[in-house]
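What the coordinates show
Chain by chain, the residues:
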Amino acid sequence: MTANRGFVPATTDYLTLGVHSLDHFGLEVPDLEPAKRFYAAFGLDVASHGSALALRTFGGDHRWGTLVEGKRKRLHHLSFGCYTDDFAKLRERAEANGVELVDPPPGFESNGFWLRDPTGLLVEVKVAPKTSPNHKTPGTFISSPEGVAGAPVRSKAPRVQPRRLSHVLVFTTNLGRAVDFYARNLGLRLSDDSEVVAFMHAVHGSDHHILAFAQSSACGMHHCSWDTQSIDDIGLGAMAMAGKGYTKGWGLGRHVLGSNYFHYVRDPWGSYAEYSCDIDYIPANQQWTAGHHAPEDSFYIWGPEPPPDFVVNHEA
Ligand SMILES: [Fe+2]
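Residues numbered from 1 in each chain as written. Predicted model: local features only at pLDDT ≥ 70, side-chain atom pairs only at ≥ 80, totals over all residues. Heavy atoms only, no water.

Concerning the overall build of the protein
The helix and strand tally for the protein stands at 5 helices and 20 strands. A globule of 316 residues ought to have a C-alpha radius of gyration of about 20 Å, and the protein, at 19 Å, matches this closely. A principal-axis box enclosing the C-alpha atoms of the protein has dimensions of 65 × 45 × 35 Å. Per-residue burial for the protein yields a buried fraction of 53% across its 316 residues. (Helix = DSSP H or I, 4+ residues; strand = E, 2+ residues; numbered from the N terminus. Rg over C-alpha atoms; globule rule 2.2 N^0.38 Å. Buried < 20%, exposed > 50% of the residue type's maximum accessible area, 1.4 Å probe, protein only.)

Observations regarding the pattern of salt bridges
Applying the stated criterion to the full structure yields 8 salt bridges. Across the pair K73 and E315 runs a salt bridge, and its minimum N-O distance is 2.7 Å. Of this pair, K73 sits in the loop between β4 (65-69) and β5 (74-82) while E315 is found in the segment after β20 (300-302), placing the two residues 242 residues apart along the sequence. Here the two residues K73 and E315 agree in accessibility, since each one is buried. Among the salt bridges present, the one from D278 reaches K136, with a minimum N-O distance of 3.1 Å. (Salt bridge = Lys/Arg side-chain N within 4 Å of Asp/Glu carboxyl O.)

Points about the environment of D103
As for its position among the elements, D103 is in the loop between β6 (101-102) and β7 (113-116). Separated by 74 residues in sequence, D103 and R177 place their C-alpha atoms 23 Å apart.

Remarks on the side chain of H222
Examined against the element boundaries, H222 turns out to sit in strand β14 (residues 220-227). Polar side-chain contacts of H222 include one of 2.8 Å to the backbone oxygen of F310. In contact with H222, other than residues within four places in its own chain, are L169, V170, F171, S271, Y272, F310 and V311. (Polar contact = N/O pair within 3.5 Å; in protein donor to acceptor, adjacent residues only side chain to side chain. Contact = heavy atoms within 4.5 Å.)

A few points about the coordination of the iron ion
Taken together, H167 (NE2), H223 (NE2) and E274 (OE) make up the full set of protein donors to the iron ion, lying 2.1 Å away. Each donor residue of the iron ion belongs to the same chain, and together they define the spacing H-x55-H-x50-E. Remark: E274 occurs in strand β17 (residues 272-277) and H167 occurs in strand β9 (residues 164-172); sequence separation between them is 107 residues. Here H167 matches E274 in class, with each residue buried. (Donors = N, O, S within 2.8 Å, 3.2 Å for Na, K, Ca; no water.)

Comments concerning a nonpolar patch on the surface
Taken together, the side chains of I231, L252, I301 and W302 define a hydrophobic patch exposed on the protein surface, amounting to about 350 Å² of accessible area. Take I301: it is sitting in strand β20. (Patch = residues over 30% accessible without salt bridge, like charges linked within 9 Å, V, L, I, M, F, W, Y side chains within 5 Å. Areas by Shrake-Rupley, 256 points an atom, 1.4 Å probe, with all protein chains shown as cover.)

Thoughts on the pairing of β5
Most of β5 is tucked away, with 8 of its 9 residues classed as buried. Bridging between strand β1 (residues 21-29) and β5 involves 7 bridges; their strand directions are antiparallel. Each residue of the ladder has a partner; that of G26, found in β5, is H77. Summarising the sheet, β5 and strand β8 (residues 122-127) pair through 6 bridges and their orientation is parallel. Across the sheet, C82 pairs through a bridge with V127, a residue of β8. (Pairing = 2+ DSSP bridges.)

Observations regarding the sheet that holds β7
With respect to topology, 8 strands assemble into an open sheet ordered β2-β3-β4-β1-β5-β8-β7-β6, the strand pairing being mixed. In this open sheet, the two strands that pair with only one neighbour each are β2 (45-49) and β6. Pairing geometry for strand β3 (residues 52-56) and β4, over 4 bridges, is antiparallel. Following the sheet pairing, L53 is matched in β4 by L67. Seen against the sheet, helix α3 (residues 175-186) touches β5, β7 and β8 and runs at an angle of roughly 25° to β8. (Axes fitted to C-alpha atoms, helices over the stretch in contact; angles between N-to-C directions.)

Focus: the packing of helix α2 (residues 84-96) against α3
It is at 8 Å that the axes of α2 and α3 come closest, and there the two elements cross at 130°. With respect to α3, the element α2 is oriented oblique. Counted together, L90, R93 and A94 of α2 and A183, R184, N185 and L186 of α3 form the full contact between these two elements. Residues that form the contact of α2 with α3 fall into these classes: 4 nonpolar, 1 polar and 2 charged. (Parallel < 35°, antiparallel > 145°, perpendicular 65-115°, else oblique. Nonpolar A, V, L, I, M, F, W, Y, C, P; charged D, E, K, R; others polar.)

Structure (structure tokens):
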């Protein structure tokens, strides 16, 4: 229960060295076409870039995800953004910690530095715009005034378009080791954990978690989570996905750790894309005391039973 306690001391020093954002994730899949259909149906702006797919949210330029073809579905890499002034210091600190810097993978050459986490996952740190919000992204609830019908007819239901990537949850072989690694080298801090999951935030103000871990026998991608503006959007997104054949998933519910409302849609490879709303926010200058929770008391506060295979790592 207390395996991770003490790795990331709480502090109010908001100038502490660390990355500011999860810039994007890289995923390898056996066929890009099903990926294109899935993420487009999910409400993302999906574009081909040479032999890769780029995932953006509508109305924004930032590339939140890159998909390339490979033998099987596999988490390819995670990329984190930092401020210009912190880049050299982060690299020096990683080297001082004994972390070996590696060459970028083919096709992902960059001006960042690359390393491998304890499970072998490739991680990039680069100078990039801060894409983690500087304040909480509030959820909204619009109540219709008297005399006005609030809901449209089904055929006029609006198409949901997530606003940004919130976080990814990845499988790892040792939660304590993962938390320690990302704390020491990237400056992430533990937000909350239980025996089977751990959640980490960035030091310059971010969602309750930009990176989360679930215990497994191998590395892998469990889900990418996308911020939407309302619970209504989560429901609309889930219904639209079901209408396109993506009927498997979990939701509607509300998590305890992070507090976000959720619906997970199962992707073509057995992992998930999450519609999320109103996730807790940890400001840069505010102390957050990490809680250590019993799994049964901290997974979700309400919602249906999760599917039995919800936390199966199909990359293991
Ligand atoms: Fe999530």
